[in-house]
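# Inside the fold
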Amino acid sequence: NEQDPRKFFQENLGIPTQEGEREITENDLRRCCTLGADPERWVRAAQENRYLGVFSGCDWGGSDYDQSSKTKLSYTVHVILGLTRDGLFDILHMKKYEGMAYPVIADDIMINHRNCNGMALGADYGVGYAYNMLLRERMPAEHNFIYKYSGPNSDMLKESPTMFNLYSLNRTESITSFYYAIKNARIRALDWEITGEHLSDCMNLIRTPHETPSGGTGFLYRKHGAKSDDMLHALNFAYVTGRVYLMENIVEDRSLLTRMKQAMTSNNVSGSGPIGNLPEAFS
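Summary of the structure given here. (Residues numbered from 1 in each chain as written. Predicted model: local features only at pLDDT ≥ 70, side-chain atom pairs only at ≥ 80, totals over all residues. Heavy atoms only, no water.)

### Here we look at the side chain of serine 160
Within the secondary structure layout, serine 160 lies in the loop between strand S6 (157–159) and strand S7 (166–170). Excluding residues that lie within four positions of it along the chain, serine 160 makes contacts with Leu166 and Tyr167. (Helix = DSSP H or I, 4+ residues; strand = E, 2+ residues; numbered from the N terminus. Contact = heavy atoms within 4.5 Å.)

### Quick word on the pattern of salt bridges
Following the criterion strictly, the structure yields 13 salt bridges and no others. Between arginine 44 and aspartate 38 there is a salt bridge whose closest N-O contact spans 4.0 Å. Accessibility expressed as a relative area gives 36% for aspartate 38, which makes it partly exposed. Its salt-bridge partner being glutamate 248, residue arginine 186 comes within 2.4 Å of it at the nearest N-O pair. Placement of arginine 186 in the loop between helix H7 (171–183) and strand S8 (187–188) and of glutamate 248 in the loop between helix H9 (230–245) and helix H10 (254–265) is noted, with a sequence separation of 62 residues between them. Assigned by exposure class, arginine 186 and glutamate 248 land together as buried. (Salt bridge = Lys/Arg side-chain N within 4 Å of Asp/Glu carboxyl O. Buried < 20%, exposed > 50% of the residue type's maximum accessible area, 1.4 Å probe, protein only.)

### A closer look at the packing of aromatic side chains
What describes a pair of aromatic rings is the distance from one ring centre to the other and the angle between the planes of the rings. Taken as a whole and judged by the stated rule, the model has 8 aromatic pairs. Their ring planes at 80° and their centres at 5.2 Å tell us that phenylalanine 89 and tyrosine 239 sit as a pair that is edge-to-face. Linking phenylalanine 89 in strand S3 (residues 89–97) with tyrosine 239 in helix H9, this pair joins segments that are 150 residues apart in sequence. As far as the burial class goes, phenylalanine 89 and tyrosine 239 line up, both buried. A centroid spacing of 5.7 Å and a plane angle of 20° characterise the contact between tyrosine 147 and phenylalanine 237, whose relative ring orientation is stacked. Placement of the pair is tyrosine 147 in strand S5 (residues 144–150) and phenylalanine 237 in helix H9, with a sequence separation of 90 residues. (Phe/Tyr/Trp six-rings, centres within 6.5 Å; stacked < 30°, edge-to-face > 60°.)

### Considerations on unusual backbone geometry
Here asparagine 49, not a glycine, exhibits a phi torsion of approximately 60°, which is positive. The topology assignment puts asparagine 49 in the loop between helix H4 (39–47) and strand S1 (53–59).

### Observations regarding H7
Between its first and last C-alpha, H7 extends 18 Å over 13 residues, near the 18 Å set by a 1.5 Å rise per residue. For H7, the full list of buried residues reads Thr172, Ser174, Ile175, Phe178, Tyr179, Ala181 and Ile182. Following H7 by one or two positions, alanine 185 adopts a phi angle in the positive range, close to 55°. (Expected span 1.5 Å × (residues − 1).)

### Here we look at the layout of surface pockets
Of the voids in this model, the second largest pocket is the one considered here, and its volume is about 260 Å³. Around the second largest pocket, the lining comprises 16 residues; the ones closest to its centre are Pro39, Leu92, His93, Met94 and Leu190. For the lining of the second largest pocket, the secondary-structure elements that each account for two or more residues are H4, S3, helix H5 (102–115) and helix H8 (192–199). At 4 residues, S3 tops the list of elements feeding residues into the lining of the second largest pocket. (1 Å grid on protein atoms, 1.4 Å probe; cavity = no way out; pocket = protein on both sides within 12 Å on 5 of 7 lines; lining within 4 Å. Points joined across faces, edges and corners; volume = space filled by probe spheres on them.)

Spatial relationships are all this shows, so hold off on functional conclusions.
Pasting the structure below:
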């Protein structure tokens, strides 16, 4: 109570300042890097249907940072997660796209999604209806879940009547759940030397206190305008989609999870789905 919190964490508790102030740290991310240095090993596992399910996440972007116009740095990002029998999520693929050539980007996303036997793809609503249709022209609409971030006091996940397979997703709570998965090593990645540059984006969003117009208090996640957090959101969308497949208790309306899972497993042309025994590497 008498000294600066930074000094207290550093000198009295022996905790680096970053550990004491950030919700997610580089050390947390490094602890997830347990899959070795051979990315093709895990892609082959997905191609051979040795995962329970494979889920993509896409965050649309493509602008450079411009301080004069307050334009934020962003990329279009595509990630792929493989779900193991133990309920862990392996990062099989991460890629950033610069610029706004969205039709070309959508083609490449679908090539990589199909290459890993992707079951379902969760994308953000950020660029609206038109660009998300580029994905739906290339895959069954039932397998494309579009998430529109909502405020901290909204439902965790709620169906929207304005567009097929569009859902509002509580931004604060879903990101908090994703960070919890990182800290508990539920999400696994290749060696830090390979994935560190991309995973570091997860630290570009910091939770800060927030006061509503009515006087209520809470927390909001804010990003630095000169740094990209698109990788974080793509991972979050893929992780939420995988949790829906597992029917985890992320919403009160159990029937909503049932409908979403039935949609993502219907007419599954990729061949991905429940499988037999996994090799020891997945346990």
